[in-house]
Amino acid sequence: MNNPKLQQKLTATIIAAHGRHYLAEADGRKLQCVTRGKKTNVAVGDIVQITTTSNDQGVIDKIEERSTLLYRSDQYKSKLLAANLTQLFIVVATEPGFADDLVSRSLVAAEAAGIKAHLILNKTDVAAALPRTRERVAAYGSLGYPVHEVSATARPEEAVQILQPLMAGQSSILIGQSGMGKSSLINLLVPDADIAVREISAALDTGKHTTTFTRLYQLPELGAGTAIIDSPGFQEFGLYHLTEGMLERAFVEFAPYLGHCKFYNCRHLIEPQCAVLEAVAEGKIARMRHTLYGQLLHESSQTLY
Ligand SMILES: Nc1nc2c(ncn2[C@@H]2O[C@H](COP(=O)(O)OP(=O)(O)OP(=O)(O)O)[C@@H](O)[C@H]2O)c(=O)[nH]1
Ligand SMILES: [Zn+2]
């Protein structure tokens, strides 16, 4: 057994972040970590090199190159959500109602980060609201995003049967508005998630009832590298960091029309003979999505960083 006081070099995965405090895991060993200097550019899911300073503490020396990076941003700064994700699941429900704006923003963020996006329609047991919700969700299905219908509480085994195979071998983040049933789904997919959260919360000293931090659960029993990331419910999903070029490509339904506008530098807002605007007028692109595109373009011109 090594002397725990001895400085050791370890490769670890960041499994939770709270402010400037990080929790890393290396072969089942959990270490509270800080960065050198004032750096805050570490994200949950990052693979890092650590020098231990005690049995359960360390300093992050280096972040390994990321395959993907998902983030949100406002006018002032961007906020890392998670690194090295392969897919993103947006949880929506029959009730309470969900915001199309947030769904589309999540989809745009996933596209911009090069992450495959899915929708989970939860609470399908709420029969009265199902037809209308299905109709709304189908709009995203028709854009090519897979939709998975589940009921976390009425048919939990079925929900696991549907979702577990999709998670195997992948690094997945679940995001959704408060009340959609994301926690219920996480608890089905991650045995002992509650215990893990309490452990993380204690290690990071977040306060007893705080679950407002992003955390990663490793599930090697589903295949090497399987990870499920739970993020706090959000009300806003700012995307100020996206450039105009990224935005037009992140709206996947624009693809057939890009390059067919009269002006090569068309922004698809008010320009004459714009192929995108023509597609909107013909109902081939949903007006709601084009409106959001305009809003995001505006946001991207407002960044102060
Ligand atoms: N009818 C029904 N209710 C559900 C289902 N899944 C979750 N709920 C209920 O919906 C409520 C919210 O579920 P949570 O799992 O806490 O939702 P959440 O999305 O994690 O919400 P936050 O914790 O606020 O972020 C709870 O009362 C759940 O029991 C479902 O499939 N059907
Ligand atoms: Zn155009």
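Residues numbered from 1 in each chain as written. Chains lettered and ligands numbered in written order. Predicted model: local features only at pLDDT ≥ 70, side-chain atom pairs only at ≥ 80, totals over all residues.

Engineer: Tell me what's going on with the overall build of the protein, and back it up with residues and numbers.
Structural biologist: Per the secondary structure count, the protein includes 8 helices and 13 strands. The C-alpha radius of gyration computed for the protein amounts to 21 Å, which stays within 12% of the reference 19 Å derived for 305 residues, consistent with globular compactness. Projected onto its principal axes, the C-alpha coordinates of the protein cover approximately 70 × 45 × 30 Å. Relative to its 305 residues, the protein shows a buried fraction of 37%. In the protein, the share of contacts with a sequence separation of at least 24, taken over all contacts with a separation of at least 6, comes to 66%. (Helix = DSSP H or I, 4+ residues; strand = E, 2+ residues; numbered from the N terminus. Rg over C-alpha atoms; globule rule 2.2 N^0.38 Å. Buried ≥ 20, exposed ≤ 12 C-beta atoms within 10 Å, placed from the backbone. Contact = placed C-beta atoms within 7 Å.)

Engineer: Help me get a handle on the domain arrangement of the protein, residues and values and all.
Structural biologist: Taken domain by domain, the protein comprises domain 1 (9–63), domain 2 (69–230) and domain 3 (244–300). The C-alpha-based centres of domain 2 and domain 3 are spaced at 28 Å. Ranked by residues supplied to the side of domain 2 that touches domain 3, first place goes to helix 1 (residues 100–113) with 6 residues. Here the residues of the side of domain 2 that touches domain 3 sort into 4 nonpolar, 2 polar and 3 charged. (Domains from an automatic or database assignment. Nonpolar A, V, L, I, M, F, W, Y, C, P; charged D, E, K, R; others polar.)

Engineer: Go over the site of ligand 1 with me, naming the residues and quoting the values.
Structural biologist: Contacts to ligand 1 come from 17 residues, most closely from S178, G181, S183, S184 and G233. Per-element tally for the shell around ligand 1: the top contributor is helix 4 (residues 182–189), with 3 residues. The residue inventory of the shell around ligand 1, partitioned by class, reads 4 nonpolar, 10 polar and 3 charged. (Near = placed C-beta within 6 Å.)

Engineer: Describe the pairing of strand 12 (residues 214–218), with residues and values.
Structural biologist: Here strand 1 (residues 9–18) pairs with strand 12 via 2 bridges, running antiparallel. Each residue of the ladder has a partner; that of A16, found in strand 12, is R215. Taken together, the 4 bridges between strand 12 and strand 13 (residues 227–230) define a ladder with antiparallel strand orientation. Directly across from Y217, in strand 13, lies its bridge partner I228. (Pairing = 2+ DSSP bridges.)

Engineer: How would you summarise unusual backbone geometry if you had to cite specific residues and measurements?
Structural biologist: Cis rather than trans, the peptide bond between E95 and P96 has omega equal to -5°. For D27, which is not glycine, the phi dihedral falls at a positive 50°. Mapped onto the elements, D27 comes out in the loop between strand 2 (21–26) and strand 3 (29–35). Since 7 C-beta atoms lie within 10 Å of it, D27 is described here as exposed. Despite not being glycine, Q273 has its phi angle at roughly 50°, a positive value. With respect to the element layout, Q273 can be found in the loop between helix 6 (244–250) and helix 7 (275–281). For Q273, a count of 11 C-beta atoms within 10 Å puts it in the exposed group.

Engineer: Break down the nonpolar core for me, with residues and values.
Structural biologist: Counting 79 residues, the largest nonpolar core has A24, A43, L70, L88 and V92 as its most contacted members. In this view, L70 contacts L81, A82, L85, L88, A109, A113, I115 and I173; residues no more than four positions away in its chain are not counted. (Core = buried A, V, L, I, M, F, W, Y, C linked by C-beta atoms within 7 Å.)

Engineer: Provide a residue-level description of helix 4, including the pertinent values.
Structural biologist: An α-helical turn contains 3.6 residues, so any two residues separated by three or four positions project in the same direction. Among the residues making up helix 4, those that are buried are K182, S183, L185, I186 and L189. For helix 4, the buried positions fall inside an angular range of 160° around the axis, keeping them on one side. Elements that come into contact with the buried residues of helix 4 comprise strand 8 (87–93), strand 9 (116–122), helix 3 (156–167), strand 11 (171–176), helix 5 (193–204) and strand 13. (Arc of directions from axis to C-beta.)

Engineer: Help me get a handle on the environment of A159, residues and values and all.
Structural biologist: Tracing the backbone through its elements, the reader meets A159 in helix 3. Along the sequence, A159 and L277 sit 118 residues apart, while their C-alpha atoms lie 40 Å from each other. Look past the residues within four positions of A159 in its chain and what remains in contact with it is V150, S151, A152, L185 and L188.

Engineer: Can you tell me about helix 1, naming the residues and giving the values?
Structural biologist: The end-to-end C-alpha separation of helix 1 is 20 Å, in line with the 20 Å expected for 14 residues at 1.5 Å each. With 10 of its 14 residues buried, helix 1 lies for the most part within the structure. All of the buried residues along helix 1 are V103, S104, R105, S106, L107, V108, A109, A110, E111 and A113. Once helix 1 finishes, G114 follows within two positions and takes phi at roughly 75°, a positive value. (Expected span 1.5 Å × (residues − 1).)

Engineer: Would you mind going over the packing of helix 3 against helix 4 in detail, with residue names and values included?
Structural biologist: It is the contact of helix 3 with helix 4, at a shortest axis distance of 10 Å, that shows an interaxial angle of 75°. With respect to helix 4, the element helix 3 is oriented roughly perpendicular. Across the interface between the two elements, P156, A159, V160, L163, Q164 and M167 of helix 3 pack against L185, L188 and L189 of helix 4. Within the contact of helix 3 with helix 4, the residues separate by chemical class into 8 nonpolar, 1 polar and no charged. (Axes fitted to C-alpha atoms, helices over the stretch in contact; angles between N-to-C directions. Parallel < 35°, antiparallel > 145°, perpendicular 65-115°, else oblique.)

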